[in-house]
Every structure is written in C-alpha cells, then in structure tokens.
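What follows is the residue order along each chain.
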Amino acid sequence: QVQLVESGGGLVQAGGSLRLSCVASGRTFSTYGMGWFRQAPGKEREFVAAISWSNFGTYYADSVKGRFTISRDNTKNTVYLQMNSLKPEDTAVYYCAGCRDGRVSTMSAMYDYWGQGTQVTVSS
C-alpha cells in the first residue's frame, strides 16, 4: 500500500510563498504520475498541477500558471509544489495524489493514491 504524506502548509500573507512537500512510501514512486489538487470550503476539489514520471512534463491549472511550480525528486520519493505570489483565493486544503500507471490527469478520479491534505491559508 502506498502512502502519501503532505507537509508545508500554513498561514501566509497575500504575496507570500510556501513550498508543499509530499513524501511517498514504496519503491516504485519514480514510475508514478503525481498531482496536486486543492479543495476550498464549500467547493469541489480542483486540479492544481501535475508532473509525469517519464519526462518530467508539467501541467498547471490556468489559475496558478506562472505562480506555482511542481517538481519531483525521485531519489527522495518526494514531489514539491512551490507556491509564489499567493492570493487569498488560493486558500484551501491541498492534496497530493499519485497515479500508479504513470499517467497524469486534471481529473481526480484518475489517481489511485491520496494524501491526507495540508491546509494553506492566505490572508489579505
């Protein structure tokens, strides 16, 4: 069973930065497609960013493009989300997700594994 554990959330002022980390258990992490999603109170979970295993291709939601950067370190079984120029509308619980067949998708249903989430709060 693969486990994903997020960290790095917190309270930050608008314009600030945070870096989220997601550590995965298991020896096959390097073959997983990885994604970040978020869910704000009263809203549906939405795609934020994803990174493939094969060529490190990255994909972003329009709302975060140019501000957020997804990356991965397969030697540490870790995927990161660097978040800059944060806005109050970025406030949400952020979830890490993994797809065991290496695909990446904007659809949450395509992912097999999920972390417990980490809260990000951006004050105005």
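For the structure itself, consult the block above.
What you see is a predicted model; the values in this text were computed from it and never measured.

Visitor: Could you give me a rundown of the overall build of the protein chain, with the residues and numbers involved?
Guide: If you tally the helices and strands in the protein chain, you get zero helices and eleven strands. Counted from the first residue to the last, the protein chain has its helices and strands arranged as β-β-β-β-β-β-β-β-β-β-β. In terms of overall dimensions, the protein chain is globule-like: its C-alpha atoms have a radius of gyration of 13 Å, near the 14 Å expected for 124 residues. When its C-alpha atoms are laid out on the principal axes, the protein chain stretches across 40 × 25 × 25 Å.

Visitor: Explain the nonpolar core to me, and be specific about the residues and the numbers.
Guide: M34, W36, V79, L81, M83 and Y94 are the most contacted members of the largest nonpolar core, which totals 36 residues. Elements that contribute at least two residues to this core include exactly β3 (18–24), β4 (33–39), β5 (46–51), β7 (68–73), β8 (78–83), β9 (92–99) and β11 (118–123).

Visitor: Quick one: what's the story with the packing of aromatic side chains, residue by residue and with numbers?
Guide: Across all of its chains, the model carries five aromatic pairs by this definition. Between Y32 and Y113, the ring centres sit 5.8 Å apart and the planes meet at 35°, which makes this aromatic pair tilted. In this pair, Y32 is assigned in the loop between β3 and β4 and Y113 in strand β10 (residues 113–114), connecting sequence segments 81 residues apart. By relative accessible area, Y113 is classed as buried at 14%. Relative to Y111, the ring of F37 has its centre 5.3 Å away and its plane inclined at 80°; by these criteria the two rings are edge-to-face. In this pair, F37 is assigned in strand β4 and Y111 in the loop between β9 and β10, connecting sequence segments 74 residues apart. Here the two residues F37 and Y111 agree in accessibility, since each one is buried. Feature note: the residues F37, F47, Y111 and W114 constitute an aromatic cluster, connected by ring pairs.

Reading guide: rules and limits
Residues numbered from 1 in each chain as written. Predicted model: local features only at pLDDT ≥ 70, side-chain atom pairs only at ≥ 80, totals over all residues. Heavy atoms only, no water. Helix = DSSP H or I, 4+ residues; strand = E, 2+ residues; numbered from the N terminus. Rg over C-alpha atoms; globule rule 2.2 N^0.38 Å. Core = buried A, V, L, I, M, F, W, Y, C linked by side-chain atoms within 4.5 Å. Buried < 20%, exposed > 50% of the residue type's maximum accessible area, 1.4 Å probe, protein only. Phe/Tyr/Trp six-rings, centres within 6.5 Å; stacked < 30°, edge-to-face > 60°.

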